[in-house]
Amino acid sequence: MSVKMKKHLLFVLLILLLGLSLYWLLFPVRTLGEVLEKKEIFIFTDSYDRKDYEKTYIFPIAWSGLQKDVLGIKEKSSLECEFDFFSPQDKDRLCKLLSSLKVRKKLGEYHSSSKTHFTEDGYEYWIRFDWQNPLELQLCQKEVCFQTSSFERYGSFQFNAYCLVDCPENQALLDQLLALLMEKVEAQIG
């Protein structure tokens, strides 16, 4: 390899390293709760008073790569798949789980519309909070997107796309969310 080629390669690597460093600096790891608070959405905070009449719905989607559909979603109609969290304790537990997810601002391709997304070994959750300030979340193993009021600038899911940090804490939180839904299924059966 010539000296000129080595200098060119070193320059390219330096630019890549600088770009990656800027990404980490400009888009640090935060919790989903912190991200929403920065956008002045406070429904996950402890100070938010969750009313009994405010509804929370979760619609899980089992993708084709899922090895074992423990919720039995594939055999049910869409009406049977929707979970409505009635108790304040369930709402609080769900909010704490979602609020604690570690995320980073998403750059590049929107994962939820990619071909690999539909063959994942897992669930995608559509979560709607019909509260004082409505909020819709779309959550899968790789990213979370949210939509607030459609008339506001950040009303599009893609504008609010955040990748989930690949860490044991996030996997444990997703496992806890699945366990919470399993409790709901067992309560409906039993």
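Below is a summary of the structure that appears in this document. (Residues numbered from 1 in each chain as written. Predicted model: local features only at pLDDT ≥ 70, side-chain atom pairs only at ≥ 80, totals over all residues. Heavy atoms only, no water.)

Things to note about the nonpolar core
So the rule is basically this: Residues belong to one nonpolar core when they are buried, are Ala, Val, Leu, Ile, Met, Phe, Trp, Tyr or Cys, and are joined through side-chain atoms within 4.5 Å. The rule is simple: take the accessible area with a 1.4 Å probe, protein chains only, and divide by the maximum for that residue type; under 20% is buried, over 50% is exposed, in between is partly exposed. Each helix is a run of DSSP H or I of at least 4 residues and each strand a run of E of at least 2, with the numbering of both proceeding from the N terminus. Note on contacts: a residue pair is in contact if any heavy atoms of the two residues lie within 4.5 Å.
The biggest cluster of nonpolar side chains holds 39 residues, and the ones touching the most others in it are Phe44, Ile58, Leu98, Phe129, Leu137 and Leu139. Of all the elements in the fold, those that place two or more residues in this core are helix H2 (32-38), strand S2 (55-62), helix H4 (88-99), strand S5 (123-130), strand S6 (135-139), strand S7 (143-147), strand S8 (161-164) and helix H5 (168-189). Residue contributions to this core peak at 7 residues, all from H5. Ignoring sequence-local partners within four residues, the contact set of leucine 139 consists of Leu98, Leu101, Tyr123, Glu124, Tyr125, Val144, Leu164, Leu174 and Leu177.

Description of the packing of aromatic side chains
Selection criterion: Stacked, tilted and edge-to-face pairs are distinguished by plane angle, under 30 degrees for stacked and over 60 for edge-to-face with tilted covering the rest, among Phe, Tyr and Trp rings (Trp via its six-membered ring) whose centres lie within 6.5 Å.
If you walk through the whole model with that rule in mind, you get 3 aromatic pairs. Between tyrosine 123 and tyrosine 125, the ring centres sit 6.1 Å apart and the planes meet at 25°, which makes this aromatic pair stacked. On the basis of relative accessible area, tyrosine 123 is assigned to the buried category, the value being 4%. When its relative accessible area of 3% is taken as the criterion, tyrosine 125 is described as buried.

Considering the pattern of salt bridges
Convention followed: Whenever a carboxyl oxygen of Asp or Glu lies within 4 Å of a side-chain nitrogen of Lys or Arg, that contact is scored as a salt bridge.
Taken as a whole and assessed by the stated rule, the structure comprises 6 salt bridges. A salt bridge links lysine 102 to glutamate 169, with the shortest nitrogen-to-oxygen separation between them at 3.9 Å. Of this pair, lysine 102 sits in strand S4 (residues 102-105) while glutamate 169 sits in helix H5, placing them 67 residues apart in sequence. Exposure remark for glutamate 169: the relative accessible area of 42% places this residue in the partly exposed category. Measuring nitrogen to oxygen at the nearest pair gives 4.0 Å for the salt bridge that ties glutamate 143 to lysine 106. With glutamate 143 in strand S7 and lysine 106 in the loop between S4 and S5, the pair connects residues that are 37 residues apart, well separated along the chain. The exposure class of lysine 106 is partly exposed, given its relative accessible area of 22%.

Section: the sheet that holds S7
Strand pairing within a sheet occurs via backbone hydrogen bonds; the two strands may be parallel or antiparallel. The condition that has to hold: We call two strands paired when DSSP finds no fewer than two bridges between them.
Here 8 strands make up an open sheet; going across it, the order is S1-S4-S8-S7-S6-S5-S2-S3 and the pairing antiparallel. With partners counted over all chains shown, the strands left at the sheet margins are strand S1 (30-31) and strand S3 (83-84), one partner each. Across 8 bridges, the pairing between S2 and S5 is antiparallel. Its bridge partner being in S5, lysine 55 is matched across the sheet by aspartate 130.

A short note on a nonpolar patch on the surface
Just so we agree on the cut-off: Patches were defined on residues exceeding 30% relative accessible area and lacking a salt bridge, with like-charge contacts within 9 Å and nonpolar side-chain contacts (Val, Leu, Ile, Met, Phe, Trp, Tyr) within 5 Å. Accessible surface area values rest on a Shrake-Rupley calculation with a 1.4 Å probe, where residue burial reflects the displayed protein chains alone.
A surface patch of nonpolar side chains, amounting to about 560 Å² of accessible area, comprises Leu9, Phe11, Val12, Leu13, Ile15 and Leu16. For leucine 16, the position within the fold is in helix H1 (residues 3-26). Accessibility expressed as a relative area gives 56% for leucine 16, which makes it exposed.

Some words on unusual backbone geometry
The backbone of glutamate 40 sits at a positive phi, close to 60°, despite the residue not being glycine. Note that glutamate 40 resides in the loop between H2 and S2. Classification of glutamate 40 as exposed rests on a relative accessible area of 64%.

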